[in-house]
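Descriptive analysis of the structure
So you can see what is in the structure, the chains are spelled out below.
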Amino acid sequence: MSLALDLALCALILGVSLAAVAGAGVFRAVIFFITYGLFVAIGWARLGAYDVALAEAAIGAGLTGVLLLTAQGRLRRVQADRTERPGAPLPAALAGGAVTLALAWAWFVLPVPEAPDVAQALPQSGAGNPVTAVLLNFRAWDTLLESIVLLAALLGVWMLARDADWDAPLGPRYHARPSGVLAYFGRVLPPIGLIFGVYLVWAGTETVGGAFQGGTVLAGVVLVAMMAQVLPPPRASKRLLRAALVLGPGVFLLSGLAAAALGGSFLSLSAALAKPAILIIEAALTVSIAVTLALLVIGPAEAPEPAP
Amino acid sequence: MTLWLHLLALGLLATLAGALWRVWRGPSQADRMMAAQLVGTGGVGVLIVLAALQDWALLVVALALALLSALAAVGFVKTQTPDGAGDPEEQSARDGGRYAPAASQKDAAT
Amino acid sequence: MIADLATYAFTALGLVFFAAGTVGLIRFPDTFSRLHALTKADNLGLGFIALGIAFQAGTLAQLVTLALIWALALLAAGAVAQLVARAALTTSQEEE
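Residues numbered from 1 in each chain as written. Chains lettered and ligands numbered in written order. Predicted model: local features only at pLDDT ≥ 70, side-chain atom pairs only at ≥ 80, totals over all residues.

**Brief notes about the overall build of chain B**
A tally of helices and strands in chain B yields five helices and zero strands. For chain B, the N- to C-terminal ordering of α and β elements is α-α-α-α-α. Evaluated residue by residue, chain B yields a buried proportion of 65% over its 110 residues. Sequence separation of 24 or more characterises 38% of the internal contacts of chain B that already satisfy a separation of 6 or more. (Helix = DSSP H or I, 4+ residues; strand = E, 2+ residues; numbered from the N terminus. Buried ≥ 20, exposed ≤ 12 C-beta atoms within 10 Å, placed from the backbone. Contact = placed C-beta atoms within 7 Å.)

Here it is as structure tokens:
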């Protein structure tokens, strides 16, 4: 019975992804991509990877949806969304097929690497959730660099702003009817999301959750508040904003250097200090991830559109 | 009970497949968006069922999905306003709530 | 035993409402009636599914989470239905 469920899920994932790439029309493709994120999240849940399911649900079904829909809306307003029929699907299909074959080959032929047993090392890691232990302790290098990559991505987006607009607030000038449904929604949802996001970070060291998942939920509700005109759009020149962006990577880097200075190696955590260190790093990372993701979605600084 | 929960999850996925037909068909963008919204709610339902079936920790995933399910739709209604950043209720208030597409297209951002 | 019966009954009812919402979404003739059909049905459907599953829950925290999930879904669906209906009303029905 559980095989039937998994097969149905696989069929839905494949069908939705096919519909996203095969159909005509940007808007339809975007909507199918949003539902694709949802089904993939359910797939991760079936596989028992709950942390990944959580990240996929928050990113795929939440943030990416807003990003792509906003982009589509902007393309439509400048009448750039009518593309000619996508030419030559054959090379893309061939490339996709080749990647699939290569992955299948790797899956069936390559030997399974002999990984050290995470469960055995878990008591010394300072985290009860093996995913958190790997991310913040055993493979801290990867996580540190990823947090810097996120920052670099935001800088890349900001560089798209025109020179004259650099001091303007970031993103579109969102407005909403003051007593309307949207404004109400933008006031009710963020407090709940704030509590839930902080919970995810706090609980993430022991159970499902973590800095990335918590930060994504926070970014989502920050976006809702901005779009409902409850939060004003920030300016890139604000010092507090910049401090929030570098807080996570900064604290991570400093704690790694401190570990080296205390006699360990760079980014190593001694068993005694691991738990508080992980919590502090995760808290700082959450702030940076939340702010960075929200700002990535609203986009670079732009001067208000001239009134018609 | 396990068998029933499996059947329930399968049944929910089947109704979601029906909603996907509406996403494909349209015809208006609002139709596609609302169908996606139904898929989101159904996905929350599937995750709740899976929580009872596999691990109650999945309730946290369902909660995250329920919390952020409105995000895409809010982004969508923004794009449906003339300047791409407004609120459909602003325009309705100005038109007295009547269906007046020609007028609402013209008076844009304020 | 009684709890299991309650789960069967409520979740089955929830599935019926989800199915009804989907049938409405497919069969109804215009955008607004489709909106109406699915927002009513999927909220009730999710509510009954959460209620049915709640009879299997073991801790208070799970019950509270289930209630919160449904409350958030209601809040989101209510706000979204209103906004999307307004958007469909004010923009001319563009086809794509």
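On we go from here.
**What to know about the overall build of chain A**
Along the backbone of chain A there are 11 helices and zero strands. Helices (α) and strands (β) of chain A occur, in sequence order from the N terminus, as α-α-α-α-α-α-α-α-α-α-α. Its C-alpha atoms give chain A principal-axis dimensions of roughly 65 × 50 × 35 Å.

**Some points on the interface of chain B and chain A**
A common way to report how large an interface is uses the accessible area buried once the components associate. Contacts between the two partners involve 45 residues from chain B and, on the opposite side, 58 residues from chain A. Mapped onto the side of chain B that touches chain A, the elements with two or more residues apiece are α1 (2–25), α2 (29–53), α3 (58–79) and α4 (88–94) of chain B. Of the residues contributing to the side of chain B that touches chain A, the split by class is 31 nonpolar, eight polar and six charged. (Nonpolar A, V, L, I, M, F, W, Y, C, P; charged D, E, K, R; others polar.)

**Comments concerning helix α7 (residues 140–158) of chain A**
Residue and element names in this part refer to chain A. Between the first and last C-alpha of α7 there are 28 Å, a value that for 19 residues agrees with the 27 Å anticipated at 1.5 Å per step. Along α7, the residues classified as buried are Ala140, Thr143, Leu144, Ser147 and Leu150. Down the axis of α7, the buried side of the element spans an arc of 115°, and every buried residue falls inside it. In this structure, α7 carries Trp141, Asp142, Leu145, Val149, Ala152, Leu155 and Gly156 as exposed residues pointing more than 90 degrees from its buried face. As for α7, its buried residues are in contact with α6 (130–138), α10 (239–261) and α11 (274–298). (Expected span 1.5 Å × (residues − 1). Arc of directions from axis to C-beta.)

**Thoughts on the nonpolar core**
If you look at the biggest cluster of nonpolar residues, it comprises 155 residues, and the most contacted ones within it are Leu47(B), Ile48(B), Val49(B), Val61(B), Ala62(B) and Val84(C). The residues that make up this core include at least three from each of domain 1 (1–77) and domain 2 (126–308) of chain A. (Core = buried A, V, L, I, M, F, W, Y, C linked by C-beta atoms within 7 Å. Domains from an automatic or database assignment.)

**Focus: the domain arrangement of chain A**
Residue and element names in this part refer to chain A. For chain A, the assigned domains are domain 1 (1–77) and domain 2 (126–308). On a C-alpha basis, the centres of domain 1 and domain 2 stand 23 Å from each other. Contact residues are listed per partner, giving 10 residues for domain 1 and 13 residues for domain 2. In the side of domain 1 that touches domain 2, the residues fall into eight nonpolar, one polar and one charged.

**What about the environment of Leu200(A)?**
All names here are of chain A. Of note, Leu200 is situated in helix α8 (residues 181–204). Residues Leu200 and Val217 lie 17 residues apart in sequence; the distance between their C-alpha atoms is 8.9 Å. Ignoring any residue separated from it by four or fewer positions in sequence, one finds Leu200 in contact with Gly209, Gly210, Gln213, Gly214 and Val217.

**Remarks on unusual backbone geometry**
Peptide bonds are trans in most cases, and residues, glycine excluded, mostly fall at negative phi. All names here are of chain A. Despite not being glycine, Gln229 shows a phi value in the positive range, around 60°. Checked against the element boundaries, Gln229 lands in the loop between α9 (211–227) and α10. Note on Gln229: 21 C-beta atoms within 10 Å, which makes it buried.

**Remarks on the interface of chain A and chain C**
Contact with chain A, which involves eight residues of that partner, is made by six residues of chain C. Take the side of chain A that touches chain C: its biggest share by element is five residues, from α8(A). The residue inventory of the side of chain A that touches chain C, partitioned by class, reads six nonpolar, one polar and one charged.

**Side note on the environment of Leu7(B)**
Examined against the element boundaries, Leu7(B) turns out to sit in helix α1. Expressed as a C-alpha distance, the spacing of Leu7(B) and Val60(B), which sit 53 residues apart in the sequence, is 22 Å.

**Concerning the packing of α1(B) against α2(B)**
All names here are of chain B. Close contact between α1 and α2 brings their axes to 9 Å; oriented N to C, the two are set at 170°. Regarding the angle of α1 to α2, the classification is roughly antiparallel. Taken together, the residues of the contact of α1 with α2 sort by class into 18 nonpolar, four polar and three charged. (Axes fitted to C-alpha atoms, helices over the stretch in contact; angles between N-to-C directions. Parallel < 35°, antiparallel > 145°, perpendicular 65-115°, else oblique.)

**Observations regarding the packing of α9(A) against α3(B)**
Two numbers describe how α9(A) lies on α3(B): the axes approach to 10 Å, and their chain directions differ by 35°. Relative to α3(B), α9(A) is oriented so that their crossing is left-handed. Seen from α9(A), the contacting residues are Val217(A), Gly220(A), Leu223(A), Val224(A) and Met227(A); seen from α3(B), they are Ala64(B), Leu67(B), Leu68(B), Leu71(B), Val74(B) and Lys78(B). A per-class count over the contact of α9(A) with α3(B) returns nine nonpolar, one polar and one charged. (Left-handed = near helix turned anticlockwise from the far one by under 90°.)

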